[in-house]
Amino acid sequence: MLHKPRILVVEDESGIADTIQYVLATDGFTPVWCGTAGQALREFAAELPALVILDVGLPDLNGFELFKRLQALPGGAQVPMLFLTARSDEIDRVVGLELGADDYIAKPFSPRELVARVRAILRRSERALVPEPAAAPLNPTPAAPGEAAGTPFALDEERRQIRFYGRLLELSRYEYGVLRLLVQRPGRVFTRDELFDKVWTDGSGSLDRTIDAHIKTLRAKLKAVAPELEPIRTSRGSGYALSEDLPPERR
Ligand code: CA
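Residues numbered from 1 in each chain as written. Predicted model: local features only at pLDDT ≥ 70, side-chain atom pairs only at ≥ 80, totals over all residues. Heavy atoms only, no water.

1. Here's the deal with the coordination of the calcium ion
Phase 1 of the analysis: Looking at the calcium ion, one finds its protein donor set to be Asp12 (OD), Asp55 (OD) and Gly57 (O), positioned 2.2 to 2.4 Å from the metal centre.
Phase 2 of the analysis: Read from N- to C-terminus, the donor residues coordinating the calcium ion fall into the pattern D-x42-D-x1-G. Placement of the pair is Asp12 in the loop between strand S1 (6-10) and helix H1 (14-26) and Asp55 in strand S3 (residues 51-55), with a sequence separation of 43 residues. (Donors = N, O, S within 2.8 Å, 3.2 Å for Na, K, Ca; no water. Helix = DSSP H or I, 4+ residues; strand = E, 2+ residues; numbered from the N terminus.)

2. Details of the side chain of Asp27
Phase 1 of the analysis: Within the secondary structure, Asp27 is located in the loop between H1 and strand S2 (30-34).
Phase 2 of the analysis: Here Arg119 takes part through its side chain, which lies 2.6 Å from a polar atom of the side chain of Asp27. (Polar contact = N/O pair within 3.5 Å; in protein donor to acceptor, adjacent residues only side chain to side chain.)

3. Section: the pairing of strand S7 (residues 161-164)
Phase 1 of the analysis: Burial of the side chains of S7 is restricted to one face: Ile162 and Phe164 are buried, whereas none of Gln161 and Arg163 on the reverse face is.
Phase 2 of the analysis: The pairing of strand S6 (residues 153-156) with S7 spans four bridges and is antiparallel. Its bridge partner being in S7, Leu155 is matched across the sheet by Ile162.
Phase 3 of the analysis: Here S6 folds back onto S7, and the loop between the two strands holds four residues, one of which, Arg160, carries a positive phi near 55 degrees.
Phase 4 of the analysis: By the bridge criterion, two bridges tie S7 to strand S8 (residues 167-168) in an arrangement that is antiparallel. Each residue of the ladder has a partner; that of Arg163, found in S8, is Leu168.
Phase 5 of the analysis: Between S7 and the antiparallel strand that follows it, S8, lie two residues; Tyr165 among them carries a positive phi value of about 50 degrees. (Buried < 20%, exposed > 50% of the residue type's maximum accessible area, 1.4 Å probe, protein only. Pairing = 2+ DSSP bridges.)

4. As for the environment of Met81
Phase 1 of the analysis: Mapping Met81 onto the fold places it in strand S4 (residues 81-85).
Phase 2 of the analysis: Between the C-alpha atoms of Met81 and Leu51, which are 30 residues apart in sequence, the distance is 5.8 Å.

5. Here's the deal with the nonpolar core
Phase 1 of the analysis: Counting 29 residues, the largest nonpolar core has Phe153, Phe164, Val178 and Leu179 as its most contacted members.
Phase 2 of the analysis: The set of elements that each furnish at least two residues to this core consists of S6, S7, helix H6 (173-184), helix H7 (192-199), helix H8 (207-225) and strand S11 (239-242).
Phase 3 of the analysis: The element contributing the most residues to this core is H6, with seven residues.
Phase 4 of the analysis: What Val178 contacts, discounting residues up to four positions off in sequence, is Leu195, Val199, Trp200, Ile215 and Leu218.
Phase 5 of the analysis: Core analysis: the second largest hydrophobic core is formed by 20 residues, Leu8, Val10, Val32 and Leu70 among them. (Core = buried A, V, L, I, M, F, W, Y, C linked by side-chain atoms within 4.5 Å. Contact = heavy atoms within 4.5 Å.)

6. A short note on H1
Phase 1 of the analysis: If you check H1, its first and last C-alpha atoms are 18 Å apart, about what 13 residues at 1.5 Å a residue would give, namely 18 Å.
Phase 2 of the analysis: Of the residues making up H1, those classed as buried are Ala17, Ile20, Gln21, Val23 and Leu24.
Phase 3 of the analysis: Two residues or fewer past H1, Gly28 is found with a positive phi of approximately 90 degrees. (Expected span 1.5 Å × (residues − 1).)

7. Quick notes on the side chain of Gln184
Phase 1 of the analysis: Mapped onto the elements, Gln184 comes out in helix H6.
Phase 2 of the analysis: A polar side-chain atom of Gln184 sits 3.5 Å from a polar atom in the side chain of Glu157.

8. Remarks on the packing of helix H2 (residues 37-46) against helix H3 (residues 63-72)
Phase 1 of the analysis: Contact pair H2 / H3: the axes reach a minimum separation of 10 Å and the direction vectors enclose 15 degrees. Of the possible angle classes, the one that applies to H2 and H3 is roughly parallel. Between H2 and H3 lies a crossing of right-handed hand. On H3, the residues that touch Ala37, Ala40, Leu41 and Phe44 of H2 are Leu66, Arg69 and Leu70.
Phase 2 of the analysis: Residue composition of the contact of H2 with H3, grouped by class: six nonpolar, no polar and one charged. (Axes fitted to C-alpha atoms, helices over the stretch in contact; angles between N-to-C directions. Parallel < 35°, antiparallel > 145°, perpendicular 65-115°, else oblique. Left-handed = near helix turned anticlockwise from the far one by under 90°. Nonpolar A, V, L, I, M, F, W, Y, C, P; charged D, E, K, R; others polar.)

That is the geometry; function is a separate question.
Here it is as structure tokens:
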């Protein structure tokens, strides 16, 4: 397999761009450096890349605007995009605006982590042939065991366990995967497609009914612990989110 997925690296700081290009190239990818948004638009239109790494702070256009323009190009919506952010308010925008970016990574980041993230996204999207995958975290900000800040949930990724108000939930593999995503980003609406892509890595089952069925059983399990609460919100027509106004502790 000699296919080397082409990856646009949109970053104006040459030092950072060099590092990214180096790790990508060593890992069997073909990085293409674009120092400006204008250059990225031209490269993208010339040949669709397998993935775009996108800095938020660019000299000619901010990364969010560039993201929208790339998505609007022919085939653009199908190309996974990973944001590079330098500030927490940028992270809030990436997550909060629900731009549909595939992931983000905060600066400073470890080059190994970046490559792991790139592999995970490409594996999920199955849009490129990826060299032998390394073990990579599914989520950009894995919570430490026992932490799911500000929520009544405690996540233990090593044991693949979730506690709700201190009670251990008995979850199936997919229920765990869905709840884990929701818990890590309270308030963020995950569409059925997204949940399916991120949790059903074996690609089995039919999309909507599968997700809805697991949400239903999850809700029943949460209700058994806190009957008066509705921790999983349905966002009509679009997907599911973890409620942001759950009391962290129960009276
Ligand atoms: Ca920058």
